[in-house]
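Structure at a glance
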Amino acid sequence: PCYDVTFYHHDAEVNMDVRSVKGSNKIRFKVVEPFNTMQVDLYANMTIDRILYKNKTLSYTREADAVFIRFPEMLKSGVEEIIIYYGGVPKVPDWTIPMDGGVLWDKDNAGNPWAQEVWQCPGASLWWPNKDHLSDEPDSMKIWITVPEMYTEISNGRLIKKLPMPGNKMRYEWNVSYPINNYNVTFNIGKYEHFSDVYISDDTLTIDYYVMPYNRAHADSMFRQTKPMLAVFEKSFGKYAFPRDGFTLVESIYPMEHQNAVSIGKISSENSGDTNPLMWHEVAHEWWGNAITTKDIADMWIHESFTNYSESLFI
């Protein structure tokens, strides 16, 4: 571990028509041991356009999904930055492989395009360049995602600004003010309805909900569980770890514990009653997997065991 990531700024545009991603990622890192070659990760099907360091282009080589970047001099100490410009069509999941990941492309019940990413096990580098290892979380992160203006985009943390862009597009600028593991970095893109609430315990926690408009009544029923659920988990496991960034539940194509933007799967009349163990499970990951993260993906069972226990605990 010759370097320690302290900050990512991921700025990308998602093309819903050709299902591609293009953008950049700024990596700020602290030099731990002297080096002149560093590894970052990006799946081989994704293209690197250029890598900049102090406004100069760096050379690199690739071995499968690993990218080896060469610096013009030995980096010995201090904090440095590089920016990687990249693009491509990310892989889609192979549903015959358990826990495979990729970008999910779907349509909602009204026929509108709907997209989400899930890459817990294959790794975040299947769609953006980063140090793809659970042992090194950035201390904070900016996530900027540009989409056609008719869609809503939901990522992690706090939505700071929506910025109109040329070509009838909108950039959603999110800020994550806490450490985040890379498989939790997400986007959800669709024609969402947004509403909000607050949860008051010792402090006031903002709650944001994003659902398909045709499921609003089912969502109101399901989300009556939210505050009792948070109360049980805080009593059992300690305070919610990300209050500055708020707490968000997102109706999604696939359920996943994305930090501050928990994806709960598709809402229906069948799962919107008084019990929804899947939602409890994914929210419990805010404690087990997000606030406390194993250093090695081989120990992922620890996250899942505690969240399975949490389902019974809430019942």
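See the structure printed just above.
What you see is a predicted model; the values in this text were computed from it and never measured. (Residues numbered from 1 in each chain as written. Predicted model: local features only at pLDDT ≥ 70, side-chain atom pairs only at ≥ 80, totals over all residues. Heavy atoms only, no water.)

**Regarding the overall build of the protein**
To keep things clear, this is the line we draw: Starting at the N terminus, helices and strands are each numbered in turn, a helix being any DSSP run of H or I of at least four residues and a strand any DSSP run of E of at least two. Only C-alpha atoms enter the radius of gyration, while the globule expectation follows 2.2 Å times N to the 0.38, with N the number of residues. In this scheme, a residue with accessible area under 20% of its type's maximum is buried, one over 50% is exposed, and one in between is partly exposed, where area comes from a 1.4 Å probe on protein chains only. Residue contacts follow a heavy-atom distance rule, with two residues in contact if any of their heavy atoms lie within 4.5 Å. Surface accessibility in these figures is a Shrake-Rupley result with a 1.4 Å probe; residues are shielded only by whichever protein chains are displayed. We count Lys and Arg on the positive side and Asp and Glu on the negative side, and we leave His and both chain ends out. Note that the charge is assigned to NZ on lysines, CZ on arginines, CG on aspartates and CD on glutamates.
Regarding its fold elements, the protein presents 4 helices and 20 strands. Taken over the C-alpha trace, the protein has a radius of gyration of 20 Å; the compact-globule value for 315 residues is 20 Å, and the two agree within 12%. C-alpha extents for the protein along the principal axes are approximately 60 × 45 × 40 Å. For the protein, the proportion of its 315 residues judged to be buried stands at 53%. Taking the intrachain contacts of the protein between residues at least 6 apart in sequence as the baseline, contacts between residues at least 24 apart amount to 66%. For the protein, the accessible surface area stands at approximately 13700 Å², while carbon and sulfur atoms represent 53% of it. Charge separation in the protein, taken as the distance between the mean sites of 29 positive and 42 negative side-chain charges, equals 7 Å.

**Overview of helix 2 (residues 226-237)**
For clarity, the threshold we go by: A helix is expected to span 1.5 Å multiplied by its residue count minus one. The directions considered for the arc run from the helix axis to the C-beta atoms.
Over its 12 residues, helix 2 extends 16 Å from the first C-alpha to the last, a length consistent with the 16 Å expected when each residue adds 1.5 Å. Among the residues making up helix 2, those that are buried are T226, M229, L230, F233 and E234. Buried residues in helix 2, looked at end-on, bunch into an arc of 130°, giving them a common side. Tucked into the core, helix 2 has its buried residues touching strand 16 (193-200), strand 17 (204-211), strand 18 (247-250), helix 3 (277-284) and helix 4 (300-314). G238 sits one or two positions beyond helix 2 and adopts a positive phi of about 105°.

**Side note on the pattern of salt bridges**
Filter applied, for reference: The term salt bridge refers to a pairing of a side-chain nitrogen on Lys or Arg with a carboxyl oxygen on Asp or Glu at a separation within 4 Å.
In the structure shown here, the tally under the stated rule is 14 salt bridges. As a salt-bridge pair, E193 and R216 come within 2.6 Å of each other at their nearest N and O atoms. Here E193 is found in strand 16, whereas its partner R216 is found in helix 1 (residues 216-222), with 23 residues between them in sequence. A relative accessible area of 24% means that E193 is categorised as partly exposed. The partly exposed category is assigned to R216, whose relative accessible area is 28%. A salt bridge links K227 to D197, with the nearest nitrogen and oxygen atoms 3.1 Å apart.

**Quick word on the pairing of strand 2 (residues 20-31)**
Put simply, the test is: Note on pairing: two strands pair once DSSP finds at least 2 bridges between them.
Two elements, strand 1 (residues 3-15) and strand 2, share 12 bridges in a ladder whose sense is antiparallel. Bridge pairing links A12 to G23 in strand 2. The hairpin formed by strand 1 and strand 2 contains 4 residues between the paired strands, and R19 there has a positive phi angle of roughly 60°. Sheet topology places strand 2 next to strand 8 (residues 79-88); 10 bridges connect them, and they run antiparallel. Residue I27 lies in a different strand from strand 8, and its bridge partner there is I82.

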